[in-house]
Amino acid sequence: MKVSVIGRGYLGAVHAACMADLGHEVVGIDVDADKIAGLAAGEPPFHEPGFDDLLRRALSSGRLVFTTAMAEAARAQVHFICVGTPSRTATTPPICGTWTPPWTPCSPSWLGTTTARRSWSASRRSRWGPRNGLPPGWPTRRPTPVRCWSGTRSSSARASRSTTPSRPTGWCTGCPQALTFLREVEAINLRRREHVVDLAASACGGDLSGVRVAVLTAAFKPDSDDIRDSPALAVAAAVAGRGSHVVVTDPAALENVRRTHPDLTVEPDVLRAVDGADVVLLLTEWRQYIELDPAEVGRRVARRQIIDGRNALDPSRWRAAGWTYRGLGRP
Ligand SMILES: NC(=O)c1ccc[n+]([C@@H]2O[C@H](COP(=O)([O-])OP(=O)(O)OC[C@H]3O[C@@H](n4cnc5c(N)ncnc54)[C@H](O)[C@@H]3O)[C@@H](O)[C@H]2O)c1
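Everything numeric in this text was worked out from a predicted model, so none of it was measured.

Asks: Any chance you could explain the sheet that holds strand β14 (residues 324–327) here in plain terms?
Replies: Within a beta sheet, neighbouring strands are joined by backbone hydrogen bonds and run either parallel or antiparallel to one another. With parallel pairing, six strands are arranged side by side in an open sheet as β11-β10-β9-β12-β13-β14. Each of the sheet's edge strands pairs with one partner strand only, and the pair in question is β11 (265–266) and β14. The sheet strands contacting helix α6 (residues 180–203) are β9 (212–216), β12 (279–282), β13 (305–308) and β14, and the helix crosses β13 at an angle near 165°.

Asks: When you look at the environment of Leu-55 in this model, what are you seeing that I'm missing?
Replies: Note that Leu-55 resides in helix α3 (residues 51–61). The class of Leu-55 is buried, set by 25 C-beta atoms lying within 10 Å. With 16 residues separating them in the primary sequence, Leu-55 and Leu-39 have C-alpha atoms 7.9 Å apart. The contact partners of Leu-55, leaving out residues within four places of it in the chain, are Ala-17, Leu-39, Gly-42 and Pro-44.

Asks: Please explain the environment of Asp-32 as it appears in this structure.
Replies: Its location among the elements puts Asp-32 in the loop between β2 (25–29) and α2 (33–40). With 14 C-beta atoms counted inside 10 Å, the residue Asp-32 sits in the partly exposed group. With 25 residues separating them in the primary sequence, Asp-32 and Gly-7 have C-alpha atoms 8.9 Å apart.

Asks: Where do I start with the nonpolar core in this structure?
Replies: Generally speaking, a soluble globular protein has its nonpolar side chains buried in company with each other. Ranked by internal contacts, the top residues of the largest apolar core, which has 51 residues, are Ala-200, Val-215 and Leu-281. Elements with a minimum of two residues in this core: α6, β9, α7 (231–241), β10 (245–249), α8 (254–260), α9 (270–273), β12 and β13. No other element matches the seven residues that α7 contributes to this core. Contact partners of Leu-281, with chain neighbours within four places excluded, come to Val-196, Ala-200, Val-213, Val-215, Leu-216, Val-235, Ile-307 and Gly-309.

Asks: Please explain the sheet that holds strand β4 (residues 78–81) as it appears in this structure.
Replies: Taken in spatial order, the four strands of this open sheet run β3-β2-β1-β4, and their pairing is parallel. A single partner strand is all that each edge strand has here, and the edge strands are β3 (64–67) and β4. Neighbour-to-neighbour, the strand axes of this sheet turn through a mean angle of 20°, independent of strand direction. Bridge count for strand β1 (residues 2–6) against β4 is four bridges, and the pairing is parallel. Of the residues in β4, the one forming a bridge with Ser-4 is His-79.

Asks: Quick question: what am I supposed to make of the packing of α6 against α7 here?
Replies: When two helices pack together, their arrangement is given by the angle between the helix axes and by the axis-to-axis distance. Direction vectors running N to C along α6 and α7 enclose 45°, while the axes themselves pass 9 Å from each other. Considering the angle they form, α6 stands oblique to α7. Between α6 and α7 lies a crossing of right-handed hand. Only Pro-231, Ala-234, Val-235, Ala-238 and Val-239 of α7 make contact with α6, whose side of the interface consists of Arg-193, Val-196, Val-197 and Ala-200. Of the residues assigned to the contact of α6 with α7, the class counts are eight nonpolar, no polar and one charged.

Asks: What should I look at first to understand α3 in this one?
Replies: Each α-helix winds once per 3.6 residues, and so residues spaced three or four apart point in a common direction. Every buried residue of α3 is accounted for by Phe-51, Leu-54, Leu-55 and Ala-58. Along α3, the residues classed as buried sweep out an arc of 100° about the axis, all on the same side. The exposed residues of α3 that point more than 90 degrees off its buried face are Asp-53 and Ser-60.

Definitions and cut-offs
Residues numbered from 1 in each chain as written. Predicted model: local features only at pLDDT ≥ 70, side-chain atom pairs only at ≥ 80, totals over all residues. Pairing = 2+ DSSP bridges. Helix = DSSP H or I, 4+ residues; strand = E, 2+ residues; numbered from the N terminus. Contact = placed C-beta atoms within 7 Å. Axes fitted to C-alpha atoms, helices over the stretch in contact; angles between N-to-C directions. Buried ≥ 20, exposed ≤ 12 C-beta atoms within 10 Å, placed from the backbone. Core = buried A, V, L, I, M, F, W, Y, C linked by C-beta atoms within 7 Å. Parallel < 35°, antiparallel > 145°, perpendicular 65-115°, else oblique. Left-handed = near helix turned anticlockwise from the far one by under 90°. Nonpolar A, V, L, I, M, F, W, Y, C, P; charged D, E, K, R; others polar. Arc of directions from axis to C-beta.

Structure below.
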């Protein structure tokens, strides 16, 4: 099948390469000429494990081409529109992974919460929006139910346990212009971030000013350098805003952090990042941080206090090494 993928960002680039890898003829289109040139040369514009190999394979198959010429889409039978969602009000929201009109196929990668490539490979389906049945007066675009469901499900769980700390720190909803109940989902996510900041303050006697805080990590999900609307980075900025000295570490996203948050101190080496820390915040579940040795980390910090914003660590392991462990919604 001939397909076009319009928008070659985190989702579109991966989706196009996966479709070509499956045997489809794919034209990838973007307004960003530099991005198109880089992709055509086999250079991914972002970090995603395995994507460079996938991209090179798709390019060498001859089934994947890149262009800035929108007219090239005319030869395709199916169009995947992967441009960004405006994060605030807009008069003409674009069509994309989270906002699909009834006739638009929805990439498997949009239905998962892992990396785009992994979601794509693990999936056995592509989903199409409803063919008809939108009530009169509805906008012609509405959120894909699956994605809204997954966001709502996790946030409802958080809301139902709002009197106690709950999991996780929050996640990127990607569709802040959703229906009223989705605004509440967004609000719940934001409250989770504040809750982690409060936990950090309470670990430091109620006042964050002057304390050292190590933040593991910056990306909004593991195996990605995507920091857009990242709860981890929002928490890091909020903690810094309360007067503490924050050091952010991340396996892939620090270049992006330097660009967007020049005020934050970044340190690629996790053990150096925790040096002298009064409290450590684990905010995205990168495997290498989950597997850290609590005893080794304990020798570097000033105080053995860790807040596990993802409930990803084994509390007994950390407590056994003398740490005060706080997860969300768990003892
Ligand atoms: N990244 C995620 O994990 C994720 C998850 C679920 C849903 N989504 C949704 O999927 C969509 C794409 O996300 P992304 O992360 O790939 O965004 P992105 O910002 O990385 O990429 C968007 C791309 O669209 C291009 N573009 C913008 N306007 C264009 C136009 N008129 N014609 C052609 N190209 C154009 C931009 O240059 C950019 O390369 C977004 O709407 C997002 O909300 C993203």
